[in-house]
Amino acid sequence: MKIYFHMNIENFSNCYLIVNEISKLAIIIDPGKINEKIINQIEDDGYELCAVLITHNHPGNVHGLKTLRRIYDVDIYAADGEVAEGETNVIKGEGVLRIAGLDIVYFALPGHAADSIVYKIGTVLFTGDSLTAGAIGETTSSYAKTTLINGIKSKIFSHQDDTIIMPGHGPLTSVGAEKKYNLDLNPPPKKNGMPARLI
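Residues numbered from 1 in each chain as written. Predicted model: local features only at pLDDT ≥ 70, side-chain atom pairs only at ≥ 80, totals over all residues. Heavy atoms only, no water.

Caption draft 1: Structural context of the pattern of salt bridges. On inspection of all chains with the given rule, the structure shows four salt bridges. Between Arg 98 and Asp 103 there is a salt bridge, and its shortest N-O distance comes to 3.1 Å. According to the relative accessible area criterion, Arg 98 is exposed, its value standing at 57%. One salt bridge in this structure joins Lys 179 and Asp 161, with 2.8 Å as the shortest N-O distance. Placement of Lys 179 in helix 5 (residues 175-181) and of Asp 161 in the loop between helix 4 (142-156) and strand 13 (164-167) is noted, with a sequence separation of 18 residues between them. Relative accessible area serves as the criterion here: at 30%, Lys 179 is assigned to the partly exposed category. (Salt bridge = Lys/Arg side-chain N within 4 Å of Asp/Glu carboxyl O. Buried < 20%, exposed > 50% of the residue type's maximum accessible area, 1.4 Å probe, protein only. Helix = DSSP H or I, 4+ residues; strand = E, 2+ residues; numbered from the N terminus.)

Here you go:
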């Protein structure tokens with residue numbers, strides 16, 4: 001398996017092209033924007049794009065889907081059936097997909113968005129905006145924040161520390177790094193009612 005990283009500078013969202021090097025079949029995760037560089041990479045390297053996986057239905061994750069659908073005949077997977085105007089393969093809860101000769105584990109992780117899904121391919125987690133390096137995704141209520149934190153601790157932190165996290169924004173990280181350094185999940189201890197200064 002080979003993973004190519006593309007960043008959309010307009011909103012700093014990450015898009016990933018995952019390739020099965022044996023079959024040359026490829027998958028895209030979160031096509032926030034599809035540009036000439038991504039298309040050329042698919043075409044010049046002789047890859048066959050067969051599926052698109054969406055972590056959640058926000059513009060920064062799906063805006064490039066229309067472009068892809070004009071060029072390629074792809075299957076689309078997401079928890080929100082409106083992602084591809086009724087042609088979405090809707091996935092809920094947790095399960096395993098077999099796409100491009102790869103086993104793709106998925107599980108729901110609500111909180112940032114009601115339809116947030118995390119995908120695991122090999123030893124890599126694609127978390128969308130639910131978890132980034134050093135922070136969790138934005139939430140609209142204390143209930144949603146608690147739901148997201150509990151989900152991260154039970155569903156993501158149960159993986160090995162060296163499991164790579166490829167988020168929807170920002171640099172890659174790992175499960176071990178987030179356990180130690182994510183301030184949303186590990187706030188500094190309070191001293192006299194105030195957060196203690198980090199040293």
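Caption draft 2: A look at the state of the cysteines. As enumerated under the stated definition, the model contains zero disulfides in all. Here Cys 15 is not disulfide-linked; the sulfur of Cys 50 is the nearest cysteine sulfur, at 14 Å. A relative accessible area of 4% places Cys 15 in the buried class. (Disulfide = S-S within 2.5 Å.)

Caption draft 3: Region of the structure containing helix 4. Between its first and last C-alpha, helix 4 extends 20 Å over 15 residues, near the 21 Å set by a 1.5 Å rise per residue. Along helix 4, the residues that are buried comprise Ala 144, Leu 148, Ile 149, Gly 151, Ile 152 and Ile 156. One side of helix 4 holds all its buried residues, which, seen down the axis, span an arc of 160°. Across from the buried face of helix 4, at angles greater than 90 degrees, the exposed residues are Ser 142 and Tyr 143. (Expected span 1.5 Å × (residues − 1). Arc of directions from axis to C-beta.)

No statement about biological role is implied by the geometric values presented.
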